[in-house]
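# Secondary and tertiary structure notes
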Amino acid sequence: LSDFRGQPVLLNFWATWCNPCRYEMPILQAAYDALADQGLVILAVDIGEDQPTVNDFLNEYGLSFTVLLDTSQDVALRYNVRAIPTTFLIDGDGIIRMIDIGAFVDIQDVENSLQSIMPQLAGGG
């Protein structure tokens, strides 16, 4: 994550077999499309699956944000992820400002949560 110092990061743990995760991915893509030009970084960490499975999912859903594999689940353990999806919102200083367990319901839900690491969103723009 140190590569993204100075940028707001949405770190999402998920898996292709998780129905709430499947529901949430197009919402995260919409948020990324809307906010990447304001510096938002989305890192989606797939837990325990192989590259072909994840690639098929990415192609099916047309996802363009960064997706990483945690095949050994070491990263999920380090972040104490107990359920998926789990999202960490990390500010530009590298401080976790919010942990959200469960799927976002819509893009407004994502934007409301992102206000904790992107204060410019608080004014509605």
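Figured I'd write up the structure that's included with this text. (Residues numbered from 1 in each chain as written. Predicted model: local features only at pLDDT ≥ 70, side-chain atom pairs only at ≥ 80, totals over all residues. Heavy atoms only, no water.)

The subject of this paragraph is the overall build of the chain. Counting its secondary structure elements, the chain contains four helices and five strands. Ordered by position from the N terminus, the helices and strands of the chain form the series β-α-β-α-β-α-β-β-α. Against the globule reference of 14 Å for 125 residues, the chain gives a C-alpha radius of gyration of 14 Å, in line with a compact fold. In terms of its C-alpha atoms, the chain occupies a principal-axis envelope of roughly 40 × 30 × 25 Å. (Helix = DSSP H or I, 4+ residues; strand = E, 2+ residues; numbered from the N terminus. Rg over C-alpha atoms; globule rule 2.2 N^0.38 Å.)

Within the secondary structure, Asp106 sits in the loop between strand E5 (96-101) and helix H4 (107-114). Side-chain polar atoms of Asp106 contact the backbone nitrogen of Asp109, separated by 2.8 Å. (Polar contact = N/O pair within 3.5 Å; in protein donor to acceptor, adjacent residues only side chain to side chain.)

Taken as a whole, this structure holds one disulfide when the rule is applied. The disulfide bridge from Cys18 ends at Cys21, spanning 2.4 Å between sulfur atoms. The sign of the 75 degrees torsion about the S-S bond sets the Cys18-Cys21 disulfide as right-handed. Judged by its relative accessible area of 4%, Cys18 is buried. Among the residues examined, Cys21 registers a relative accessible area of 0% and is labelled buried. (Disulfide = S-S within 2.5 Å. Buried < 20%, exposed > 50% of the residue type's maximum accessible area, 1.4 Å probe, protein only.)

With mixed pairing, the five strands of this open sheet are ordered in space as E3-E2-E1-E4-E5. Bordering the open sheet on either side are strand E3 (66-70) and E5, each of which pairs with just one other strand. Direction aside, neighbouring strands of the sheet carry axes that sit 20 degrees apart on average. Across six bridges, strand E1 (residues 9-14) lies against strand E2 (residues 41-47) in parallel orientation. Each residue of the ladder has a partner; that of Asn12, found in E2, is Ala44. (Pairing = 2+ DSSP bridges. Axes fitted to C-alpha atoms, helices over the stretch in contact; angles between N-to-C directions.)

For the rest of this paragraph, the subject is the pairing of E3. Both E2 and E3 contribute to a ladder of five bridges, which runs parallel. By the bridge assignment for E3, Asp46 is matched with Leu69.

In this section: the nonpolar core. Counting 24 residues, the largest nonpolar core has Leu10, Met25, Leu28, Val110 and Leu114 as the members making the most contacts within it. If you list the elements that add at least two residues to this core, you get E1, helix H1 (19-35), E2, helix H2 (51-61) and H4. No other element matches H1, which puts six residues into this core. If near-sequence neighbours (up to four positions away) are discounted, Leu28 is found in contact with Leu10, Asn12, Ile42, Phe65, Phe104 and Val110. Listed in part, the 11 residues of the second largest apolar core include Val9, Leu11, Val45 and Ile47. (Core = buried A, V, L, I, M, F, W, Y, C linked by side-chain atoms within 4.5 Å. Contact = heavy atoms within 4.5 Å.)

Inspection of the secondary structure puts Asn59 in helix H2. Along the backbone, Asn59 and Val110 are 51 residues apart, and their C-alpha atoms lie at a distance of 23 Å.

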